[in-house]
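Tertiary structure, described
Below, each chain spelled out in residue letters.
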Amino acid sequence: MPIVGFGTWKLRGHQAYSGCYQALKAGYRHFDTATMYGNEAEVGQALRDSGIDRSELFVTTKIRPSDVGRERAVLTSSLRLLGTDYVDLWLVHWPPRRDEASRQMWAELLRLKADGLARDVGVSNYSLGDIDDLIEDSGTAPAVNQVHWNPRRFDADVLAGHRERGIELEGYSPLKDTKLDNRVLVDIASAHDVTPAQVVLRWHIEHDITVIPKSSQPDRIWANIDLFGFSLTQQEVNRIDEMGDA
Ligand SMILES: NC(=O)c1ccc[n+]([C@@H]2O[C@H](COP(=O)([O-])OP(=O)(O)OC[C@H]3O[C@@H](n4cnc5c(N)ncnc54)[C@H](OP(=O)(O)O)[C@@H]3O)[C@@H](O)[C@H]2O)c1
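Throughout what follows, the structure given in this document is the object of discussion. All figures in this text were calculated on a predicted structure; none of them were measured in a lab. (Residues numbered from 1 in each chain as written. Predicted model: local features only at pLDDT ≥ 70, side-chain atom pairs only at ≥ 80, totals over all residues. Heavy atoms only, no water.)

Remarks on the sheet that holds strand S5 (residues 118–124)
Filter applied, for reference: DSSP-based pairing: two strands are paired if at least 2 bridges between them are found. Only DSSP runs of H or I with at least four residues qualify as helices, and only runs of E with at least two residues qualify as strands; both kinds are numbered from the N terminus onward.
Sheet architecture is open: 8 strands sit in the order S1-S2-S3-S4-S5-S6-S7-S8, paired in parallel fashion. With partners counted over all chains shown, the strands left at the sheet margins are strand S1 (6–7) and strand S8 (210–211), one partner each. Inspection of the sheet shows strand S6 (residues 144–148) paired to strand S7 (residues 168–172) by 5 bridges, in the parallel sense. Each bridged residue has a counterpart across the sheet, and for Val144 the counterpart in S7 is Glu168.

Re the environment of Arg48
Filter applied, for reference: Every residue pair with non-hydrogen atoms within 4.5 Å of one another is taken to be in contact. Pairing of N or O atoms within 3.5 Å defines a polar contact, subject to two protein rules: one partner must be a possible hydrogen donor and the other a possible acceptor, and residues neighboring in sequence count only if both atoms are side-chain atoms.
In this structure, Arg48 sits in helix H2 (residues 40–49). In sequence terms Arg48 and Ala118 are 70 residues apart; their C-alpha atoms lie 18 Å from each other. Once residues lying within four places of it in the same chain are set aside, the contact partners of Arg48 are Leu82 and Gly83. Among the polar contacts listed, one links the side chain of Arg48 to the backbone oxygen of Leu82, at a separation of 3.0 Å.

Points about the packing of helix H3 (residues 71–82) against helix H4 (residues 99–114)
To be explicit about the condition: Here an angle of 0 to 180 degrees is reported between the N-to-C directions of two axes, which are lines fitted to C-alpha atoms, with helices fitted over the stretch in contact. Should an angle fall under 35 degrees it is taken as roughly parallel, and over 145 as roughly antiparallel, whereas 65 to 115 is taken as roughly perpendicular and any remaining angle as oblique. By convention, the crossing between two helices is left-handed when the near helix turns anticlockwise from the far helix through less than a right angle, and right-handed when the turn is clockwise. Polar here means any residue other than Ala, Val, Leu, Ile, Met, Phe, Trp, Tyr, Cys and Pro, which are nonpolar, and Asp, Glu, Lys and Arg, which are charged; Gly is therefore polar.
Closest axis-to-axis distance for the H3/H4 pair is 10 Å, and the angle between their directions is 50°. The orientation of H3 relative to H4 falls into the category oblique. The element H3 and its partner H4 pack so that their crossing is right-handed. Across the interface between the two elements, Glu71, Arg72 and Leu75 from H3 touch Met105, Glu108, Leu109 and Leu112 from H4. Of the residues belonging to the contact of H3 with H4, the class tally is 4 nonpolar, no polar and 3 charged.

A look at helix H8 (residues 196–206)
For clarity, the threshold we go by: Whether a residue is buried, partly exposed or exposed follows from its accessible area with a 1.4 Å probe, protein chains only, as a fraction of its type maximum: under 20%, in between, or over 50%, in that order.
Burial of H8 is extensive: 10 of the 11 residues sit out of reach of the surface. By the burial criterion, the buried members of H8 are Pro196, Ala197, Gln198, Val199, Val200, Leu201, Arg202, Trp203, His204 and Ile205. Once H8 ends, the next one or two residues include Asp208, with phi positive near 60°.

Shown next, in the form of structure tokens:
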């Protein structure tokens, strides 16, 4: 899974198509969508129009928990809209309210993975307790848990808990709830001649956490993946981690 992906929530219609097309030009190869976003067709069209080989792309989509019992039909529909034979990662968007439904859905995801429709399967917005329940029931841990993550939400114990279980923690909404005029971020950004948003995204990379920023604006789409010409010192990473305690 490429460590930087393009988030597509709230991009609809032509904006979803042109955002993804621009992202492909900027070098993104990882795309994050969901049935709920209503943009799988536009995302898929942009991926196909780019001419980039499917094997070079990493596509994630998600199923709503209310679709328990309809997993195969939902994934088949996502694949048709995306115009692909498989997704690289298929996630349960958030935990079904009943434990029994959660276990049932997870078992079905594993079955569809075995059938080759998803290269890997995981969850989103699950607590470690929710995940342990799935592991206990099925014997298989989700490959990924996609969760809300940003400097203010940094939690070393949550990160360690995922790593102990061999689960990749993927962060969503890295920028939306971050005060980009925060003194710590502004100071670090000026030391590297980058923007505070780039510092936040690079901070994910320093922690080896996959990050999926969304933008509808071409200059931001490009800037949000222009993260490999600088790195943060351990001291800078620690200062940003400490924003989680504030
Ligand atoms: N699993 C889940 O439950 C879940 C929940 C939420 C999100 N997600 C996924 O995670 C992706 C990212 O999260 P998100 O879309 O909620 O939030 P985000 O990526 O943190 O932030 C997007 C917002 O920040 C702005 N922005 C983007 N780049 C910027 C920059 N360089 N400087 C300043 N502002 C910038 C965007 O505005 P412009 O468009 O105007 O640039 C947009 O308003 C989603 O698109 C979705 O794929 C998953």
